[in-house]
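# Tertiary structure, described
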Amino acid sequence: MINTTSTRLWDSNSNIGSPIHRLDEFAYFGNDLGSVYTKEKTTFTFWSPEALSVKVKLFATGSDNEQGAKVIDELPMNKTADNVWRLEYLGDHKNEYYTYIINFKDRTVETVDIYAKAVGVNGNRGMIVDLKSTNPEGWDKDKNIFLNSPTDAIVWEVHVKDFSHSPSSGITEKNRGKYLAFCEHSTLYGEGIVPTCVDYLKNLGVTHVQINPFYDFGSVNEAVNDDSFNWGYDPKNYNVPEGSYSSNPFDGNVRINECKQMIKALHDAGIGVIMDVVYNHTYQAQGSFFDLSVPGYYYRYNKDGSWSNGSGCSNDTASEHLMFRKFMIDSILYWAEEYHIDGFRFDLMGLHDAHTMRLIRKALDEKFGKDNVILYGEGWYMGTACAFGTEMANQGAIRSMKGVGAFNDNMRDAIKGSVFGACDKGFVQCGASAERIKSGILAETGSWAGEASQCVNYASCHDNYALYDKLILSERGGTGYCERFDYLVSMIKLSAAVVLTSRGIPFFLAGEEIARTKFGDENSYCSSANINQIDWENTAHYADLILYYQGLIRLRKKLAALRGSNKVCDSSSFRFIDSAMPCVSYAIDFYDEDIKGHIFVALNPCDYDVRINLADTGLSKDTKWIAVVNKHSAGTAPLMAISELALVESKSALMLLDEAAYKAIFKR
Ligand code: CA
């Protein structure tokens, strides 16, 4: 079962793909690592070149504390000529649990298979799984959500538990905080007016959800079904869904089935799934399954032998070592194929080497078509003990990683002030950083991004303060959480207008559009579920804000010119109008499926109204314009007709479309 991975790992024309760890010499390139089940036999394949002997230990249950717990057998593996340990375990052994017992020169260890596809409670044993039997009904007809361009995506970032933990979600109690909450329909807040959860998302119009880690992580005890909360950036078993989000974490099949149900329910609603993946570090350093399997191989170490810690989580994995690189590629392909994942968001991507990211792009393109699976990550510049001169996958390398994008921290901080200072203000509070806003509007194509599709523009994500909280802190010194302040709502609307009219991939934290608060909690990764959860009651208080986001989304979907598609307009058709700074305004000329038109956008951060002479757009002063976005509303409905002079109200956005194009596009 040797596949083509081998050529991909080695075919670099530079020395980047060549071995840099002494054990790389023994690297294995087959596609059968882990346990492969058939009715007739289960085959185990395991890479550990320095082991003296390896056994597979088989159990009836996933832990010793369950009914029927017993050891079934302990069977020796054989080392083969291709440097792996193998065992053919004859018979039908579906749902048996297993570990590897490894004998090294100086010790014996027991570990979970890093390639395990199913595990028992808390991920402490692998499980032999018949994947076909985990498929929900209709899974064979489930289809990926692929778009023409990544810039067509509009991403809403959510955490499985945040989504439905609150009773205000209207979700059945047993499903709250679980995968299955995504499968409920006609859920309502309160007495039955406002749709919540997936129905709400359909109305909102986002194309994708990005879901915080839902591979198996270590920080939440799955054995008790309680209110424990963690974001989950502490991977334990990469190729298995997290158990605490399932209705039964003890049976290795259930979490797989329910995770697939979640994905299918989102696909059925027309919404794609972007998976948040964290290959840059593991839950444990010493004693992790990687460290136990091949000691000293899968991680980076400083010269003094200590663990490299660029991630801040006590260990950095080594994507430049061939077998971790292969693990990343295999794992991504597995999720994309087995779980129909539509995109991946790489945590601390700047800790990986750029070559690995290019290989992941290539592997996905071969299976799914060019750039169909969306890839982006955190391209921060980070220190790590990787060989000097290695090209790291940070913003500086984005131009050399076609089809891979990165979050735009410039835009994030320009909009609302630095994430590193609670009181720091940005464009929406006081008009600061107008030049940086302009750079973000162009999706950093004048800076680090090669094309608009490589830039993820956002104001807020799970990290740092929620947008509403940041505005409260910088404007009110931190008083008034949960109160509705209309001047803050204006700033949120202006922020949304910046993000959703800019080129690139727009992204926002779930609930930003209902003024979500985390009560000033800057880093809520292990705070209570009550602080982290979305309170759907806000849908009643912020109906106008939801409508505003919804309207901007609808416009963006109709107007390719906003998104920065190369087909529709080039940069020469885009011009900033500097006559009314710090009001940022610009005009775009576009050709979209035979429709020739003009867009004018003005973003006014001032506390006073601004008038802009539309002749400054360079277009004929006879041009008639239709407003589609103003301080109060956004959408495809005409708000008013305008010519010559545009009035941009205080702290607001104005977007105009020339009348002829408006009529052609919206068929009026
Ligand atoms: Ca877990």
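This structure is a prediction, so every number in the text was calculated from the model and none was measured.

### Re the coordination of the calcium ion
Protein ligation of the calcium ion involves Asp216 (OD), Phe217 (O), Glu222 (OE) and Glu242 (OE), the donor distances falling in the range 2.2 to 2.3 Å. Counting residues between consecutive donors of the calcium ion along the chain gives the motif D-F-x4-E-x19-E. A single burial state applies to Asp216 and to Glu222, both of which are buried.

### Comments concerning the packing of helix H8 (residues 409-416) against helix H10 (residues 434-441)
Direction vectors running N to C along H8 and H10 enclose 140°, while the axes themselves pass 9 Å from each other. Relative to H10, the element H8 is oriented oblique. Between H8 and H10 the crossing geometry is left-handed. Contact residues: H8 offers Asn410, Met411, Asp413, Ala414 and Ile415, while H10 offers Arg436, Ile437, Ser439, Gly440 and Ile441. Along the lines of polarity and charge, the residues of the contact of H8 with H10 split into five nonpolar, three polar and two charged.

### So, the pairing of strand S6 (residues 85-90)
Two faces belong to every sheet, and in a regular strand the side chains alternate between them. The two faces of S6 differ: Trp85, Leu87 and Tyr89 on one face are buried, but Arg86, Glu88 and Leu90 on the other face are not. Here strand S2 (residues 41-46) runs beside S6; their pairing, made up of six bridges, is antiparallel. Paired with Thr42 across the bridge in S6 is Tyr89. In the sheet, strand S5 (residues 78-79) pairs with S6 via two bridges, with the strands oriented antiparallel. Residue pairing across strands places Lys79 opposite Trp85, the latter belonging to S6. With antiparallel pairing between neighbouring strands as the criterion, S5 and S6 make up a hairpin whose turn holds five residues, including Asn83 at a positive phi of roughly 70°.

### Points about the sheet that holds strand S17 (residues 343-346)
One closed barrel holds the eight strands; their spatial order is S10-S13-S16-S17-S18-S19-S20-S21, and the pairing between them is parallel. For this sheet, the mean inter-axis angle between neighbouring strands, taken without regard to orientation, is 30°. Of the strand pairs in this sheet, strand S13 (residues 208-211) and strand S16 (residues 272-277) are connected by four bridges, and their pairing is parallel. Each residue of the ladder has a partner; that of Val209, found in S16, is Val273. Where helix H6 (residues 322-338) meets the sheet, it contacts S16 and S17, and its direction lies at approximately 140° from that of S17.

### Some points on the domain arrangement of the chain
Split into domains, the chain comes out as domain 1 (32-134), domain 2 (153-561) and domain 3 (573-667). Computed from C-alpha coordinates alone, the two centres of domain 1 and domain 2 are separated by 33 Å. Listed as interface residues are 32 residues of domain 1 and, on the opposing side, 32 residues of domain 2. Interface area for domain 1 against domain 2, summed over the two sides, is near 2,600 Å², with a carbon-plus-sulfur share of 57%. When the buried surface of domain 1 facing domain 2 is broken down by residue, Trp47, Ile114 and Thr134 rank first, second and third, together holding 26% of it.

### Remarks on H6
Along its 17 residues, H6 runs 23 Å from first to last C-alpha, staying within 8% of the 24 Å computed at 1.5 Å per residue. For H6, the buried fraction is high: 16 of the 17 residues fall into the buried class. At the exit of H6 stands His340, carrying a positive phi of roughly 60°.

### Some details on the environment of Pro195
Structurally, Pro195 is set in strand S12 (residues 194-195). For Pro195 and Val278, which are 83 residues apart along the polypeptide, the C-alpha to C-alpha distance reads 32 Å. In this structure, Pro195 is in contact with Thr187, Leu188, Tyr200 and Asn203, ignoring residues within four places of it in sequence.

### Some thoughts on the side chain of Lys161
Note that Lys161 resides in helix H2 (residues 160-164). One buried charge, Lys161, has no salt-bridge partner; the nearest side chain with opposite charge is Asp227, at 4.8 Å. Ignoring sequence-local partners within four residues, the contact set of Lys161 consists of Gly177, Asp226, Asp227, Ser228, Phe229, Tyr245 and Ala529.

### Remarks on the sheet that holds S6
Across the sheet, which stays open at both edges, the four strands sit in the order S1-S2-S6-S5 with antiparallel pairing between neighbours. With partners counted over all chains shown, the strands left at the sheet margins are strand S1 (34-37) and S5, one partner each.

### Considering the pattern of salt bridges
Any two side chains of opposite charge can pair, on the condition that their charged atoms come close. A complete count under the given rule lists 35 salt bridges for this structure. Notably, a salt bridge pairs Arg22 with Glu50, separated by 2.8 Å at the nearest N-O pair. Placement of the pair is Arg22 in the loop between helix H1 (5-10) and S1 and Glu50 in the loop between S2 and strand S3 (53-59), with a sequence separation of 28 residues. On the basis of relative accessibility, which here comes to 37%, the residue Glu50 falls in the partly exposed class. A salt bridge links Asp268 to Lys264, with the shortest nitrogen-to-oxygen separation between them at 2.9 Å. Of this pair, Asp268 and Lys264 both sit in helix H4 (residues 252-268), four residues apart, roughly one helical turn. Note on Asp268: relative accessible area 54%, which makes it exposed. Under the relative-accessibility criterion, Lys264 is labelled buried at 17%. Here the residues in one salt-bridge network are Asp276, Arg345, Asp347 and Glu378, joined through shared partners.

### Some points on the packing of aromatic side chains
Under the defined criterion, the tally for this structure stands at 45 aromatic pairs. The interplanar angle of 85° and the centroid separation of 5.8 Å between the aromatic rings of Phe214 and Trp335 together place this pair among those described as edge-to-face. One end of the pair, Phe214, is in the loop between S13 and strand S14 (215-217); the other, Trp335, is in helix H6, with 121 residues separating them in the sequence. Exposure class is identical for Phe214 and Trp335. Each is buried. Pairing Tyr215 with Tyr238 gives two aromatic rings, centres 6.0 Å apart and planes at 40°, and the pair type is tilted. Linking Tyr215 in strand S14 with Tyr238 in strand S15 (residues 235-241), this pair joins segments that are 23 residues apart in sequence. Note on Tyr215: relative accessible area 1%, which makes it buried.

### Overview of helix H11 (residues 467-476)
Within H11, eight of the 10 residues are buried, which leaves the element mostly enclosed by the surrounding structure. Turning to H11, its buried residues number three or more, namely Leu467, Tyr468, Asp469, Lys470, Leu471, Ile472, Leu473 and Ser474.

### Thoughts on unusual backbone geometry
Of all residues except glycine, most have a negative phi; of all peptide bonds, most are trans. Between Met581 and the following residue, Pro582, the backbone shows a cis peptide bond with an omega angle of 10°. Here Pro582 lies in the loop between strand S22 (574-577) and strand S23 (584-592). Notably, Asn83 is not glycine yet its phi reads approximately 70°, a positive angle. By secondary structure assignment, the location of Asn83 is in the loop between S5 and S6.

### Considerations on the packing of H6 against helix H7 (residues 354-368)
At a minimum axis separation of 10 Å, H6 and H7 run at an interaxial angle of 30°. For the crossing formed where H6 meets H7, the hand is right-handed. For the pair H6 and H7, the contacting residues are Arg325, Met328, Ile329, Ile332, Leu333, Ala336 and Glu337 in the first and His355, Thr356, Leu359, Ile360, Ala363, Leu364, Lys367 and Phe368 in the second.

Rules of the game
- Residues numbered from 1 in each chain as written.
- Predicted model: local features only at pLDDT ≥ 70, side-chain atom pairs only at ≥ 80, totals over all residues.
- Heavy atoms only, no water.
- Donors = N, O, S within 2.8 Å, 3.2 Å for Na, K, Ca; no water.
- Buried < 20%, exposed > 50% of the residue type's maximum accessible area, 1.4 Å probe, protein only.
- Axes fitted to C-alpha atoms, helices over the stretch in contact; angles between N-to-C directions.
- Helix = DSSP H or I, 4+ residues; strand = E, 2+ residues; numbered from the N terminus.
- Parallel < 35°, antiparallel > 145°, perpendicular 65-115°, else oblique.
- Left-handed = near helix turned anticlockwise from the far one by under 90°.
- Contact = heavy atoms within 4.5 Å.
- Nonpolar A, V, L, I, M, F, W, Y, C, P; charged D, E, K, R; others polar.
- Pairing = 2+ DSSP bridges.
- Domains from an automatic or database assignment.
- Buried area = accessible area lost by both parts, 1.4 Å probe.
- Expected span 1.5 Å × (residues − 1).
- Lys, Arg positive; Asp, Glu negative; His and termini not counted.
- Salt bridge = Lys/Arg side-chain N within 4 Å of Asp/Glu carboxyl O.
- Phe/Tyr/Trp six-rings, centres within 6.5 Å; stacked < 30°, edge-to-face > 60°.

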